[in-house]
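One-letter residues, chain by chain:
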Amino acid sequence: MVKISGIQEEIELRSETTCKEVLSRALSGKKLKEVVACKCHNRLYDLDSGIDEDCSELDPVYLSSPDGLKVLRHSAAHIMAEAVKKLFPSAKVTIGPDIENGYYYDFDFERPFTPEDLEKIEARMSESVAGNHSFERLVVSRDEAKKIFLDMNETYKLEILEDLDQDTVSLYKHDDFIDLCRGPHVPNTGYLKAFKLTSVAGAYWRGDEKRPMLQRIYGTAFASPKDLKKYLVQLEEARKRDHRKLGVQLDLFSFSEEAGPGMPIFHPKGALIRTILEDFERKEHLKRGYHIVQGPQILRRELWEKSGHYDNYRENMYFTSIDEQSYGIKPMNCLSHMLVYKTRLRSYRDLPLRYFELGKVHRHEKSGVLHGLLRVREFTQDDAHILCRPDQLQDEIIAIVKFVQDIMELFGFEYEVEISTRPEKSIGTDADWDRATSALSLALKTLAVDYSVNAGDGAFYGPKIDVKLKDALNRKWQCATIQCDFTLPERFDLYYTGKDGQKHRPVMLHRVILGAIERFLGVLIEHYAGAFPVWLAPVQARVMNITDVQKEYVEKCTQKLRDKGIRVDMDVRNEKLGYKVREAQMEKIPFVLVVGEKEIDNSALNVRLRNGKNLGMQSIKDVVELIYEEMDEPFKQGGMSYRYLY
RNA sequence: GCUGGCGUAGCUCAACUGGUAGAGCAGCUGACUUGUAAUCAGCAGGUUGCGGGUUCAAGUCCCAUCGCCAGCUCCA
């Protein structure tokens with residue numbers, strides 16, 4: 001007997017029963033047509049596949065469900081590969097999985113695919129869709145499969161087969177195209193009603209930059225043309241939030257070809273926002289028992305040799321030379337923090353020591369990875385190094401994670417947390433790694449933070465927790481990170497005197513909360529779509545007149561608000577009110593304060609909010625209170641407080 | 001760094017298969033004195049990223065270089 005999810009009755013199983021047969025007895029024809037696969041014990045199967053005897057509950061997978069779309073997109077990848085092979089027989093196929101929002105397939109071909117090629121491929125795919133070719137699953141021995149792909153000269157498939165350690169493999173065939181594939185697939189090509197090829201890009205075979213560069217064609221597919229259109233419109237909307245675009249529109253920052261790539265230049269408004277963020281951070285760190293320190297921008301090369309950066313990080317560093325001395329421009333802030341620690345003897349009573357620095361670092365990032373403010377070559381980290389006794393490590397990590405949580409809540413970010421464990425190339429004892437890794441995971445468990453494990457992705461000197469935020473297009477960017485370090489205290493011979501009068505090695509944590517101010521600001525811009533909360537808005541209010549008659553009153557009000565610490569400017573240009581309101585709106589200024597005859601008569605201001613709402617006339621005193629109230633709003637939870645006076 | 005695409009006025013974009021660069025917004029000047037997302041008119045603005053080449057003629061074709069965009073690899 002098998003139960004169908006969402007259906008009351010149980011269906012009796014006979015041998016050789018396929019998923020489709022079972023479902024057809026439970027679902028109406030119309031509903032059945034929407035089913036593309038089925039799921040049992042969390043595994044997806046083709047509709048044609050037989051049902052295991054131990055399957056007690058069968059989930060129909062509908063085309064428009066997340067699983068259904070995965071199946072559809074994977075099938076679309078096959079149909080695309082078929083089209084490519086028909087148009088360009090000498091192209092070799094490699095792999096083609098479904099991905100978030102779409103799919104891709106990598107090909108090895110003697111010349112680059114052009115946008116025109118994509119059109120041709122799309123057209124050829126449509127033919128295949130019109131043909132309603134069934135997807136057929138064939139199970140063959142590995143040797144048979146090798147022979148098949150050898151005959152087709154599909155060398156990449158042969159390489160994949162070499163690495164598989166199973167005796168039989170599955171192949172999928174539709175029309176005359178055959179591919180090595182685990183499946184499942186939609187019943188036939190006719191299911192691909194809404195698809196689009198989106199771009200071509202290079203991609204290394206097996207992600208290895210030493211292997212050949214393949215050509216990756218990206219595409220997407222949806223259950224209906226309506227869904228596809230919706231997705232494309234969404235994408236268009238997301239692009240409008242791009243911080244590089246908003247940065248220009250809101251006059252926050254720019255890049256100059258003359259200054260150099262990856263070197264952001266902050267304009268008055270952008271610089272003001274980051275100043276507010278930085279000031280806020282200083283307060284929050286002092287409150288949490290950190291000490292603010294500051295080290296030099298360039299340090300002798302010998303010191304970078306001592307720390308290991310010269311050996312491990314040299315290609316990312318800038319060097320300069322003065323009086324025949326070589327100096328490295330700092331790519332990290334840890335060195336001077338080590339030096340602060342070493343300036344005197346430390347007792348176990350002094351620990352933990354938490355050194356905080358808004359440190360500007362330079363890293364020579366590869367040119368192809370630069371991306372607006374999100375990936376630059378000069379940036380400011382809200383960096384700290386915590387030196388503590390081993391018995392304090394756990395509490396320190398918990399405090400940092402809590403700090404991160406508070407900040408993320410303040411900004412309203414959704415984030416993903418990962419723990420990266422020991423990589424192959426690493427130093428330190430297994431015991432050290434185990435202790436540190438479990439301290440990190442225990443901290444996350446204590447605070448009920450969901451996380452995934454990124455096995456083998458830790459730094460060579462220790463495991464880490466990474467916090468990732470998403471940009472407008474859902475690309476993930478690492479912001480906060482908490483890293484254990486076994487090497488630096490060793491290399492710098494840091495110690496403290498214990499209760500026993502003996503020397504002991506302190507444990508060290510590197511950590512950032514926002515990560516890089518530049519990157520964080522970039523993500524913030526996209527998060528708020530440029531409409532910053534009042535406490536961060538570079539211009540919080542703009543006072544404007546209707547005619548010249550009110551000019552003087554506007555000047556007076558502006559000054560009064562400024563005296564109250566509100567970031568305010570005025571617009572007394574000889575323009576229509578609608579024109580001036582529109583400009584303020586496009587600058588995303590939270591409060592527009594309009595002055596006409598009535599306002600002067602009542603010693604008031606007329607308040608218009610950024611969302612278009614009009615609050616009517618209010619006294620200046622009430623307007624000040626209103627703005628204060630809005631500034632404080634985000635701080636009402638999370639144990640932070642802030643009022644910024646400028 | 002690699003693969004591909006793109007670089008025209010401050011911004012957004014136009015200029016058929018090569019025929020000598022144009023519009024809107026912004027800017028400046030003037031008129032209009034204006035009630036919650038664009039008042040009208042005029043003026044000015046470009047060695048088409050930079051450097052070579054092909055051609056009678058290059059924004060357009062070729063080469064090189066710088067930068068930007070997408071992706072890969074790498075990272076805050």
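The model shown is predicted, which means the values in this text are computed figures rather than measured ones.

**A look at the overall build of chain A**
Step number 1: Along its length, chain A carries 20 helices and 33 strands.
Step number 2: Pairs at least 24 apart in sequence give 69% of the contacts found in chain A among residues at least 6 apart.

**Thoughts on the protein's contact with RNA strand B**
Step number 1: Neighbouring RNA strand B are 52 residues; Tyr204, Ser367, Gln478, Asn574 and Arg582 lie closest to it.
Step number 2: Sugar and phosphate atoms represent 49% of those atoms of RNA strand B found within 4 Å of the protein.
Step number 3: Interatomic distance of 3.1 Å between a backbone N/O atom of glycine 368 and a base nitrogen of RNA strand B.
Step number 4: A distance of 3.3 Å separates a base nitrogen of RNA strand B from a polar atom in the side chain of glutamine 585.
Step number 5: Within the residue set of the surface near RNA strand B, elements represented by two or more residues are β12 (194–204), β13 (213–222), β21 (378–388), β25 (476–485), α18 (577–586), α19 (597–601) and β32 (604–609).

**Comments concerning the confidence of the model for chain A**
Step number 1: Taken residue by residue, chain A gives an average pLDDT of 91. The fraction at 70 or more is 96%.
Step number 2: The ipTM assigned to the predicted complex is 0.94, against a pTM of 0.92.

**A look at the sheet that holds strand β11 (residues 177–180)**
In any sheet, the strands associate via hydrogen bonds between backbone groups, in a parallel or an antiparallel arrangement.
Step number 1: Spatially, the three strands line up as an open sheet ordered β9-β10-β11, and their pairing is antiparallel. The sheet is open, and its two borders are formed by β9 (136–141) and β11, each paired with just one other strand. Sheet twist, expressed as the mean angle between neighbouring strand axes with direction ignored, is 30 degrees.
Step number 2: Pairing of β9 with strand β10 (residues 168–174) involves six bridges; the strand directions are antiparallel. By the bridge assignment, serine 141 is partnered in β10 with threonine 168.

**Things to note about the packing of aromatic side chains**
Step number 1: Summed over all chains, the structure comprises 22 aromatic pairs.
Step number 2: Where tyrosine 105 meets phenylalanine 107, the ring centres are 5.0 Å apart and the plane angle is 20 degrees; that geometry is what we call stacked.
Step number 3: What makes tyrosine 105 buried here is its relative accessible area of 1%.
Step number 4: Exposure remark for phenylalanine 107: the relative accessible area of 0% places this residue in the buried category.
Step number 5: Over the ring of tyrosine 495 we find lysine 503, and its NZ or CZ is 4.3 Å from the ring centre.

**Quick word on the nonpolar core**
Step number 1: Membership of the largest hydrophobic core comes to 85 residues, with the highest contact counts inside it found for Phe411, Phe532 and Trp535.
Step number 2: Ranked by the residues each element gives to this core, the list is headed by helix α13 (residues 393–411), at eleven residues.
Step number 3: Inspection of this core shows a minimum of three residues originating in each of domain 3 (253–294 + 331–527) and domain 4 (541–645).
Step number 4: Residues within four places of phenylalanine 411 in sequence aside, it is in contact with Leu277, Leu514, Phe520, Leu524, His527, Tyr528, Trp535 and Leu536.
Step number 5: Counting 36 residues, the second largest nonpolar core, distinct from the first, contains Ala77, Phe88, Phe135 and Tyr191.

**Side note on the packing of helix α9 (residues 268–287) against α13**
Step number 1: In the contact formed by α9 and α13, the axes pass within 13 Å of each other and the chain directions differ by 145 degrees. Relative to α13, α9 is oriented so that their crossing is right-handed. Residues Leu277, Phe280, Glu284 and His285 of α9 form the contact with α13, whose own contacting residues are Phe403, Ile407, Leu410 and Phe411.
Step number 2: Its residues assigned to classes, the contact of α9 with α13 shows six nonpolar, one polar and one charged.

**Some details on the sheet that holds strand β18 (residues 318–322)**
Step number 1: Taken in spatial order, the three strands make up an open sheet running β17-β19-β18, and their pairing is antiparallel. Every other strand in the sheet has two partners, leaving β17 (298–300) and β18 as the edge strands with one partner each. When strand polarity is set aside, the average angle formed by the axes of neighbouring strands in this sheet is 40 degrees.
Step number 2: In this sheet, strand β19 (residues 325–329) lies alongside β18 in antiparallel orientation, the contact comprising five bridges. Paired with tyrosine 318 across the two strands is isoleucine 329, which belongs to β19.

**Some words on the environment of lysine 636**
Step number 1: Within the secondary structure layout, lysine 636 lies in the segment after α20 (620–632).
Step number 2: Expressed as a C-alpha distance, the spacing of lysine 636 and alanine 448, which sit 188 residues apart in the sequence, is 22 Å.
Step number 3: A distance of 2.7 Å separates the side chain of lysine 636 from the side chain of glutamate 629, its partner in a polar contact.

**Observations regarding helix α6 (residues 155–163)**
Step number 1: For α6, the set of buried residues is Tyr156, Lys157, Leu158, Ile160 and Leu161.
Step number 2: Buried residues belonging to α6 abut β6 (92–93), β8 (102–108), α5 (142–151), β10, β11 and β13.

**Digging into the environment of threonine 94**
Step number 1: For threonine 94, the location among the structural elements is in the loop between β6 and β7 (98–99).
Step number 2: Ignoring sequence-local partners within four residues, the contact set of threonine 94 consists of Tyr105, Asp106, Phe107, Tyr156, Lys157, Ile160, Trp205 and Leu214.
Step number 3: At a separation of 2.6 Å, a polar atom in the side chain of threonine 94 contacts the main-chain carbonyl oxygen of aspartate 106.

**Description of the side chain of glutamine 483**
Step number 1: For glutamine 483, the position within the fold is in strand β25.
Step number 2: Given a relative accessible area of 11%, glutamine 483 falls into the buried group.
Step number 3: Among the polar contacts made by the side chain of glutamine 483, one reaches the side chain of tyrosine 461 at a distance of 2.5 Å.
Step number 4: Within the structure, glutamine 483 has its side chain in polar contact with the side chain of threonine 481 (distance 3.3 Å).
Step number 5: The residues touching glutamine 483, leaving out its near neighbours within four places in the chain, are Tyr461, Pro463, Lys464, Met508, Leu509 and His510.

Reading the values: the criteria
- Residues numbered from 1 in each chain as written.
- Chains lettered and ligands numbered in written order.
- Predicted model: local features only at pLDDT ≥ 70, side-chain atom pairs only at ≥ 80, totals over all residues.
- Heavy atoms only, no water.
- Helix = DSSP H or I, 4+ residues; strand = E, 2+ residues; numbered from the N terminus.
- Contact = heavy atoms within 4.5 Å.
- Near = heavy atom within 4 Å.
- Polar contact = N/O pair within 3.5 Å; in protein donor to acceptor, adjacent residues only side chain to side chain.
- pLDDT = per-residue confidence, 0-100.
- Pairing = 2+ DSSP bridges.
- Axes fitted to C-alpha atoms, helices over the stretch in contact; angles between N-to-C directions.
- Phe/Tyr/Trp six-rings, centres within 6.5 Å; stacked < 30°, edge-to-face > 60°.
- Buried < 20%, exposed > 50% of the residue type's maximum accessible area, 1.4 Å probe, protein only.
- Lys NZ or Arg CZ within 6 Å of the ring centre and 35° of its normal.
- Core = buried A, V, L, I, M, F, W, Y, C linked by side-chain atoms within 4.5 Å.
- Domains from an automatic or database assignment.
- Left-handed = near helix turned anticlockwise from the far one by under 90°.
- Nonpolar A, V, L, I, M, F, W, Y, C, P; charged D, E, K, R; others polar.

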